[in-house]
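Results of the structural survey
Chain by chain, the residues run as shown.
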Amino acid sequence: MTHPEESEEGSLLRVTVVGGGPVGLSMARLLEHFLGAQVKITVFEGRWRKDGRRVVWKSQEEGNVRRQQVVTVQSRQYLAWPQYVQERLFDPEHFTEMWPSGPDSIGDHHPRNMRIAYIEDKLLEPANEKRDRIRLIPAQVRPGGTARRTRLAACARHL
Ligand SMILES: Cc1cc2nc3c(=O)[nH]c(=O)nc-3n(C[C@H](O)[C@H](O)[C@H](O)COP(=O)(O)OP(=O)(O)OC[C@H]3O[C@@H](n4cnc5c(N)ncnc54)[C@H](O)[C@@H]3O)c2cc1C
């Protein structure tokens, strides 16, 4: 969802992302990286909880079974991430390159295989550090739910 509006600094784009999985967090990070102060992003994720001022993934005891499967990230996608995100993500101990290059491989950059829970952790860390531009809301979005909307609004005001 996007909501363009005028502010003192000029045009401001408000973006709401439902779901803080790899795609939602990557998109938030990319928007923030390319648009800077021109964008305010809010990401809702039902598998997060507050931990002080930060937002973290819920544990298994809290009802979140972290996914351990290994996924393949193509170089067309990972090379688009900001350099500092790539540096955090690609610790040599946490990925392998076991698949051959394909149409989504750029130059000599091979597909990389990593645990999805590790990707989620590494994308959430820098998002927590960009609180001025990316609001992380630990809540499930239920379209049409009035009570839930009120709770979300209250939750958003506290962040
Ligand atoms: C066994 C297995 C192997 C796989 N292997 C690969 C692979 O090799 N390569 C690959 O690319 N993919 C693979 N996948 C798929 C992989 O899981 C997806 O690529 C990846 O999870 C997509 O990320 P996503 O952010 O789009 O979605 P998800 O990871 O599903 O994230 C969506 C997020 O949205 C949240 N959410 C949903 N609805 C709401 C709501 N209403 N309110 C708030 N939050 C909400 C969910 O809690 C979730 O965290 C595999 C999947 C499985 C099961």
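The rules behind these values
Counting restarts for each chain: residues are numbered from 1 in the order of the written sequence. Local features in this predicted model are restricted to residues of pLDDT 70 or higher, and side-chain atom pairs are both shown and tallied only at a pLDDT of 80 or more, whereas totals for entire chains, interfaces and linings draw on every residue. In computing side-chain properties, one takes all heavy atoms of the structure into account and sets aside hydrogens as well as water. For helices the rule is a DSSP run of H or I covering at least 4 residues; for strands it is a run of E covering at least 2, with both sets numbered from the N terminus onward. Categorising residues by exposure relies on relative accessible area from a 1.4 Å probe, with only protein chains included: less than 20% of the type maximum marks a residue as buried, more than 50% marks it as exposed, and the intermediate range marks it as partly exposed. Should any heavy atoms of two residues lie within 4.5 Å, those residues are considered in contact. The Shrake-Rupley method, run with a 1.4 Å probe, gives the accessible areas here. Residue values count only the displayed protein chains as cover. Proximity is defined per residue: if any heavy atom of the residue lies within 4 Å of a molecule or strand, that residue is considered near it. Here a polar contact means two N or O atoms within 3.5 Å. Within protein one must be a hydrogen donor candidate and the other an acceptor candidate, and residues neighboring in sequence count only if both atoms are side-chain atoms. Charged means Asp, Glu, Lys or Arg here, nonpolar means Ala, Val, Leu, Ile, Met, Phe, Trp, Tyr, Cys or Pro, and polar covers whatever is left, Gly included. Nonpolar side chains (Val, Leu, Ile, Met, Phe, Trp, Tyr) within 5 Å and like charges within 9 Å form the patches, drawn only from residues with over 30% relative accessible area and no salt bridge. For this document, the term salt bridge refers to a Lys or Arg side-chain nitrogen within 4 Å of an Asp or Glu carboxyl oxygen. Two residue types count as positive, namely Lys and Arg, and two as negative, namely Asp and Glu; His and chain ends fall outside the count. Charged groups are reduced to one reference atom each: NZ for lysine, CZ for arginine, CG for aspartic acid, CD for glutamic acid. In summary, the pairing rule links any two rings of Phe, Tyr or Trp, Trp by its six-membered ring, whose centres are within 6.5 Å, and it sorts them by plane angle into stacked for under 30 degrees, edge-to-face for over 60 and tilted for everything else. Whether a charge lies above a ring is judged from NZ of Lys or CZ of Arg, which has to be within 6 Å of the ring centre and within 35 degrees of the ring normal.

Quick look at the overall build of the protein
Across its full length, the protein holds 5 helices and 8 strands. Secondary structure elements in the protein, listed N-terminal to C-terminal, are β-β-α-β-β-β-β-α-α-β-α-β-α. Each of the 159 residues in the protein was classed as buried or not, and the buried ones make up 36%. Of the contacts formed within the protein by residues at least 6 apart in sequence, a portion of 63% connects residues at least 24 apart. When the accessible area of the protein is evaluated, it comes to approximately 9,400 Å², of which 53% is carbon and sulfur surface.

Considerations on the site of the ligand
Taken together, 18 residues lie near the ligand, and Val23, Glu45, Arg47, Arg67 and Val141 sit nearest. Within the contact set of the ligand, an oxygen atom lies 2.6 Å away from a side-chain nitrogen or oxygen of Glu45. A distance of 2.8 Å is found between an oxygen atom of the ligand and a side-chain nitrogen or oxygen belonging to Arg47. Within the complex, 53% of the 970 Å² of free accessible area of the ligand lies under protein. Contributing elements (two or more residues each) for the shell around the ligand: α1 (22-35) and β6 (70-73). Broken down by element, the residue count for the shell around the ligand peaks at 3 residues, all from β6. Split by residue class, the shell around the ligand holds 9 nonpolar, 6 polar and 3 charged.

Description of a positive patch on the surface
A contiguous patch of positive charge, built from Lys50, Arg53, Arg54 and Arg131, is present on the exposed surface. Given the relative accessible area of 64%, Arg53 is considered exposed.

Overview of the environment of Leu123
Assignment of secondary structure puts Leu123 in helix α4 (residues 116-128). Residue classification places Leu123 among the buried residues on the basis of a relative accessible area of 0%. In this structure, the C-alpha to C-alpha distance between Leu123 and Leu89, residues 34 residues apart in sequence, is 7.7 Å. Residues within four places of Leu123 in sequence aside, it is in contact with Pro22, Leu25, Ser26, Arg29 and Val85.

As for the packing of aromatic side chains
Tallied over the full model, the rule gives 3 aromatic pairs. A centroid spacing of 5.8 Å and a plane angle of 70 degrees characterise the contact between Trp48 and Trp57, whose relative ring orientation is edge-to-face. Here Trp48 and Trp57 have matching classes, each one buried. With centroids separated by 4.9 Å and ring planes inclined at 65 degrees, the aromatic side chains of Tyr78 and Phe90 adopt a geometry described as edge-to-face. Of this pair, Tyr78 sits in helix α2 (residues 75-78) while Phe90 sits in the loop between α3 (83-89) and β7 (112-115), placing them 12 residues apart in sequence. One exposure class covers both Tyr78 and Phe90, and it is buried. Taken together, the aromatic side chains of Tyr78, Phe90 and Phe95 make up a single cluster linked through ring pairs. In this structure, Arg112 packs its charged tip against the face of Phe90, placed 4.5 Å from the ring centre.

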